[in-house]
Amino acid sequence: PLSARVHNHDFLEIGGCDVTTLVKRFGSPLYILDEETLRSACQQYRDAFKQYYKGESQVLYASKAWNCLAVCAIAASEGLGIDVASGGELYTALQAGVSPDKIYLHNNNKSREELIFAIESGCTIVVDNWHELRTLVEIVETLYTKSLSQNPRLLLRLTPGIECHTHEYIRTGQLDSKFGFDPNQLEELFSFISKQSALNCVGLHAHIGSQIFERQPHRDLAALMVQWLQEAAKYGLKLTELNVGGGLGIKYIESDDPPSIEEWVKPICEVIQQTCAVENLPLPKLLCEPGRSLIATACVTAYTIGSSKVIPEIRTYVAVDGGMSDNPRPITYQAVYRAVVANKMSSPLTETVTIAGKHCESGDILVKNALLPKTEPQDILVVMGTGAYNYSMASNYNRLPRPAAVVVANGEANLILQRETYQDLIRQDCLPQRLKS
Ligand code: LLP
């Protein structure tokens, strides 16, 4: 995080708060969100569009990376809109006070209830497929013949057929993807939309994947999307919004080399401006929806070290009090992370150890071969860059309560997610009468 520094020679401080003190106060494991880093990333996106794009623009935070009231509220206070991927994320964004005209709902299989919730909230729906489109027409025609103050506002999600080098589970741009309309059906799609007076289709969306380091795929995407706009115009559709999705990667470890936010935004703006100029098209309102690159580096997870196991000449395991339930990324995507010891920041790095979680799976490893100072039980191990897809993908595997989260700024720490309790774990359990002893 931006505000991280070492104080008293050996101790890690974030947002002006000593990490070991935070753990004493709020418990372990603990997600620690640095407000300054999150706000700075929001501002970098906003400023880059302001600098490089001559038309209107709107940055949305892809809240799937970390959806909770406080994070939505911080992003919204920086002028960002929110991309939500389900009724639950939509509900959270609305409860956080985000204005519905800045909320965009995704998902490849929205339920009828989610569509009705979205229509009634007034957010924009990013339509993914024919089934959804027909359901929307049916909902509007049957439920809302006259009563809607405005027709549902839509974007159409198309599969661009652009591949990029990232983990296959988080690639979405290729034609063989479950997301979006097939671009070979553009004619059918635009012709259908042009006849739907009850639907207010305002633009197009595409997203090609996540943790992307290359810049060319998004340039190609931007050019392609302008072609689609032009195609739509042939059907009398005046589409005014283009949403190029998210996907900018971040530096988890030293060898990762992603472009900066500015370096990612600039070519997208340039390609859209150039292509529109050549084709004599008005500039669309340009949207993007980064998740990871806004929040990943703003958070660390602090754990307490417990047991360890030395296997001579092979490996030393050092176990912490969390694992795949609070950070499922290593076991799911072979994701790599960097770790430090918060109370031994200046000690020499003498040990190469494998940091294991406490779950009953051998694959529950947080960091393989971490270079650390000599550790002992009660040391506070900090895994860096855990803001994206950690809390949001957390589970209660082995019935571990989910950790608490705090936001830190200017020496102050505020709880944003309470630690789950054992009572929370059985809150939704039901014990049928006949099973009671
Ligand atoms: N827009 C759409 C439609 C998306 O599906 C996603 C991510 C984003 C935006 C934001 O992408 P980002 O800027 O965060 O790369 N759980 C995986 C990542 C899954 C990404 C899903 N969609 C992981 O932990 O790496």
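Reading guide: rules and limits
Residues numbered from 1 in each chain as written. Predicted model: local features only at pLDDT ≥ 70, side-chain atom pairs only at ≥ 80, totals over all residues. UniProt positions renumbered as here; feature names shortened; annotations may be inferred. Buried ≥ 20, exposed ≤ 12 C-beta atoms within 10 Å, placed from the backbone. Helix = DSSP H or I, 4+ residues; strand = E, 2+ residues; numbered from the N terminus. Arc of directions from axis to C-beta. Near = placed C-beta within 6 Å. Nonpolar A, V, L, I, M, F, W, Y, C, P; charged D, E, K, R; others polar. Pairing = 2+ DSSP bridges. Core = buried A, V, L, I, M, F, W, Y, C linked by C-beta atoms within 7 Å. Domains from an automatic or database assignment. Contact = placed C-beta atoms within 7 Å. Axes fitted to C-alpha atoms, helices over the stretch in contact; angles between N-to-C directions. Parallel < 35°, antiparallel > 145°, perpendicular 65-115°, else oblique. Left-handed = near helix turned anticlockwise from the far one by under 90°.

An unreviewed UniProt entry lists the protein under the name Diaminopimelate decarboxylase, from Komarekiella delphini-convector SJRDD-AB1. Listed under Subunit (unreviewed entry) in UniProt, the entry text for the protein is "Homodimer." Note on the protein: under the UniProt heading Sequence similarities (unreviewed entry), the record states "Belongs to the Orn/Lys/Arg decarboxylase class-II family. LysA subfamily."

Student: What's the story with helix α4 (residues 87-95) in this structure? I'm lost.
Tutor: Along an α-helix, residues three or four apart share an orientation, since each turn contains 3.6 residues. Looking at α4, one finds that the buried residues are E89, L90 and A93. The arc that holds every buried residue of α4, seen down its axis, measures 100°, which confines them to one face. For α4, the exposed residues lying more than 90 degrees away from the buried face are G88 and Q95. One or two positions beyond α4, positive phi appears at G97, with a value near 90°.

Student: Just checking my understanding: could you explain the site of the ligand for this structure?
Tutor: As a structural note, the neighbourhood of the ligand is formed by 22 residues, with A62, S210, G246, G291 and Y389 the closest of them. Elements with a contribution of two residues or more to the shell around the ligand: α10 (292-295) and α11 (329-333). Among the residues forming the shell around the ligand, the class breakdown is eight nonpolar, nine polar and five charged.

Student: I tried to follow the pairing of strand β20 (residues 412-417) on my own but got confused; where do I start?
Tutor: On a regular strand, one side chain projects to one face of the sheet and the next to the other, so that they alternate. The sheet contact formed by strand β19 (residues 404-409) and β20 spans five bridges and is antiparallel. Paired with V407 across the bridge in β20 is N414. Taking the residues that link successive antiparallel strands as the turn, the β19-β20 hairpin has two residues, and the phi of N410 there is positive, at about 50°.

Student: Mind showing me how you'd approach the nonpolar core here?
Tutor: Considering soluble globular proteins, one finds that nonpolar side chains tend to be buried as a cluster. Residues I32, L33, A302, A339, V382 and V406 are the most contacted members of the largest nonpolar core, which totals 128 residues. A domain-level breakdown of this core finds at least three residues from each of domain 1 (5-34 + 297-424) and domain 2 (53-290). If sequence neighbours within four positions are ignored, A339 has contacts with I355, V367, A370, L372, L381, V382, V383 and M384.

Student: I'm lost on the packing of helix α5 (residues 112-121) against helix α6 (residues 130-143) in this one. Help?
Tutor: Between two packed helices, both the angle of their axes relative to each other and the distance between the axes serve to describe the pair. Where α5 contacts α6, the axes come no closer than 11 Å and their chain directions differ by 60°. With respect to α6, the element α5 is oriented oblique. With respect to the hand of their crossing, α5 and α6 are arranged in right-handed fashion. Residues R112, L115, I116 and I119 of α5 lie in contact with α6, whose contacting residues are T135, L136 and I139. Here the contact of α5 with α6 is composed, by residue class, of five nonpolar, one polar and one charged.

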